[in-house]
Amino acid sequence: MKQENNFKAGFVALVGRPNVGKSTIMNNILGTKLSIVSPKPQTTRMRILGVKHDKDAQIIFLDTPGVQKGKDLLTKVVMESAVGSMEEADVIVMIIEADRGWTKEDEQILENYIKKLNKPTILVINKIDKMKDKRVLLPLIEESSQKYGFVEIIPMSAVKGENIDRFVEALKKYLPQSPPLFPEDQITDLPLRFYIAEIIREKIFHNTRQELPYSAAVEVESIEEVENKNLVIINAVIYVEKENHKGIIIGRKGQMLKKIGMQAREEIESILGKKVHLNLWVKVKPRWKEDIRLLKLLGYQYIS
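Residues numbered from 1 in each chain as written. Predicted model: local features only at pLDDT ≥ 70, side-chain atom pairs only at ≥ 80, totals over all residues. Heavy atoms only, no water.

Help me get a handle on the pairing of strand E7 (residues 217-226), residues and values and all.
Where E7 lies against strand E8 (residues 231-240), 9 bridges are found, and the strand directions are antiparallel. Of the residues in E8, the one forming a bridge with Ser222 is Asn235. Joining the antiparallel neighbours E7 and E8 is a turn of 4 residues, in which Asn228 adopts a positive phi near 65°. (Pairing = 2+ DSSP bridges. Helix = DSSP H or I, 4+ residues; strand = E, 2+ residues; numbered from the N terminus.)

Explain the packing of helix H1 (residues 22-30) against helix H5 (residues 164-173) residue by residue, including any values.
The geometry of H1 relative to H5 is characterised by a closest axis approach of 11 Å and an angle of 90° between their N-to-C directions. By the angle between their axes, H1 is roughly perpendicular relative to H5. Counted together, Ile25, Asn28 and Ile29 of H1 and Ile164, Phe167 and Val168 of H5 form the full contact between these two elements. Residue composition of the contact of H1 with H5, grouped by class: 5 nonpolar, 1 polar and no charged. (Axes fitted to C-alpha atoms, helices over the stretch in contact; angles between N-to-C directions. Parallel < 35°, antiparallel > 145°, perpendicular 65-115°, else oblique. Contact = heavy atoms within 4.5 Å. Nonpolar A, V, L, I, M, F, W, Y, C, P; charged D, E, K, R; others polar.)

Got a sec to walk through the pairing of strand E5 (residues 121-126)? Specific residues and values, please.
Of all 6 residues that make up E5, 6 are buried, and the element is covered over most of its length. What you see with E5 is no split at all: Thr121, Leu123 and Ile125 on one side and Ile122, Val124 and Asn126 on the other are buried throughout. In the sheet, strand E4 (residues 91-97) pairs with E5 via 6 bridges, with the strands oriented parallel. Counted as the bridge partner of Met94 is Leu123 from E5. The pairing of E5 with strand E6 (residues 152-155) spans 4 bridges and is parallel. The partner of Leu123 across the bridge, within E6, is Ile153. Following the backbone out of E5, through helix H4 (residues 137-147) and into the adjacent parallel E6, one traces a crossover that is right-handed. (Buried < 20%, exposed > 50% of the residue type's maximum accessible area, 1.4 Å probe, protein only. Right-handed = clockwise from strand over helix to strand, strands pointing away.)

Tell me about the sheet that holds E8, and name the residues and values.
The 3 strands are arranged E7-E8-E9 in an open sheet whose pairing can be described as mixed. Single-partner strands in this sheet number two, and they are E7 and strand E9 (275-284). The average undirected angle you get between the axes of adjacent strands in this sheet is 15°. Of the strands in this sheet, E8 and E9 touch helix H7 (residues 243-250), which is tilted by about 155° from E9. Against the sheet, helix H8 (residues 255-272) touches E8 and E9, its axis set at about 140° to E9.

Provide a residue-level description of the environment of Ala89, including the pertinent values.
Topologically, Ala89 is positioned in the loop between helix H2 (73-88) and E4. The spatial distance from the C-alpha of Ala89 to the C-alpha of Phe61 is 8.9 Å, given a sequence separation of 28 residues. The residues touching Ala89, leaving out its near neighbours within four places in the chain, are Phe11, Val12, Ala13 and Lys119.

Provide a residue-level description of the packing of aromatic side chains, including the pertinent values.
Counting across every chain of the model gives 2 aromatic pairs. Measuring from centroid to centroid gives 6.4 Å for Trp102 and Phe150, while their planes differ by 35°, and the two rings are tilted. Of this pair, Trp102 sits in the loop between E4 and helix H3 (104-117) while Phe150 sits in the loop between H4 and E6, placing them 48 residues apart in sequence. Side by side, Trp102 and Phe150 carry an identical accessibility label, which is buried. Centre to centre, the rings of Tyr148 and Phe150 are 5.3 Å apart; their planes meet at 75°, and the pair counts as edge-to-face. This pair shows no difference in class: Tyr148 is buried, exactly as Phe150 is. Through successive ring pairs, a cluster of aromatic residues spans Trp102, Tyr148 and Phe150. Of note, Lys147 hangs over the ring of Trp102, and the distance from its end group to the ring centre comes to 5.2 Å. (Phe/Tyr/Trp six-rings, centres within 6.5 Å; stacked < 30°, edge-to-face > 60°. Lys NZ or Arg CZ within 6 Å of the ring centre and 35° of its normal.)

Lay out the pattern of salt bridges with the relevant residues and their values.
Scanning the entire structure with this criterion turns up 17 salt bridges. A salt bridge links Arg265 to Glu269; the shortest N-O distance between them is 3.3 Å. Taken together, the positions of Arg265 and Glu269, both in helix H8 and 4 residues apart, correspond to about one turn of that helix. Each of the salt bridges in this network shares a partner with another, and the network as a whole consists of Arg17, Glu97, Arg100, Asp106 and Lys127. (Salt bridge = Lys/Arg side-chain N within 4 Å of Asp/Glu carboxyl O.)

Explain H4 to me, and be specific about the residues and the numbers.
Within H4, burial applies to Leu137, Leu140 and Ser144. Here the buried residues of H4 occupy an arc of 60° about the axis, which is enough to place them on one side. Turned more than 90 degrees off the buried face of H4, the exposed positions are Leu138 and Gln146. Elements in contact with the buried residues of H4: E4, E5 and E6. (Arc of directions from axis to C-beta.)

Tell me what's going on with the environment of Gly261, and back it up with residues and numbers.
Turning to its location among the elements, Gly261 is positioned in helix H8. A C-alpha to C-alpha distance of 9.6 Å links Gly261 and His277, two positions 16 residues apart in sequence.

Right under this line is the structure:
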């Protein structure tokens, strides 16, 4: 492990409303997929810890859930996760969308969270590739600089990798001097069960598109390695709130569930380096977002 006197290490919270690109930014920097990426908002439900190892720094990302409103227990837990990540971070990164500019929700995040914490905050203006007229970018940067004392304002396209390196170097300036906090071969603190559940959940969202609202959860019940066969058997349950949601995920003659399972299995095999036998079941559990026992089983560790 690196122990140079000028080495830096610290926590960085990626903050913003749903679907501004937080997970895409982190996945791009780490070179691997830790947070699931979906065209739908509210994909990330827990903070995901990802570690970027560099020769002179270790950047520990907390990819927080999108700041959102709601009265159910799941939303309460999600928001506690987001706030907790901001409070423990050394640097906060607020992310807005270049093609939309400052929204009412962005303003609320700035007023209700960022300004109250008074920590070094970098503003990322993401999705500049979606701007129809790049001439409005400079006025947006100027407007942003008037709203708050951001230590840096960085235009970015996370999808295309534009200004990612500049962003990483900017982060290093504001990290505390510290020896590495994680071993060099560790990039996350995610338990394997949660990682597998996230992969399955991503395939559900990609394949059901707009048909299925964000009311699906995945519990990995068991992971069994079969000795001398290079095989892993995984049993998982997909929970939905309504009977018609179950029908959407199963699909006609089971074809949708088969497709979800095949795509998830292939990705899990690439990660584990072993053959995977994936068994999926779909169960209806009304109001599962209010079930404390189930939420804890699903890995929502901020429930009190």
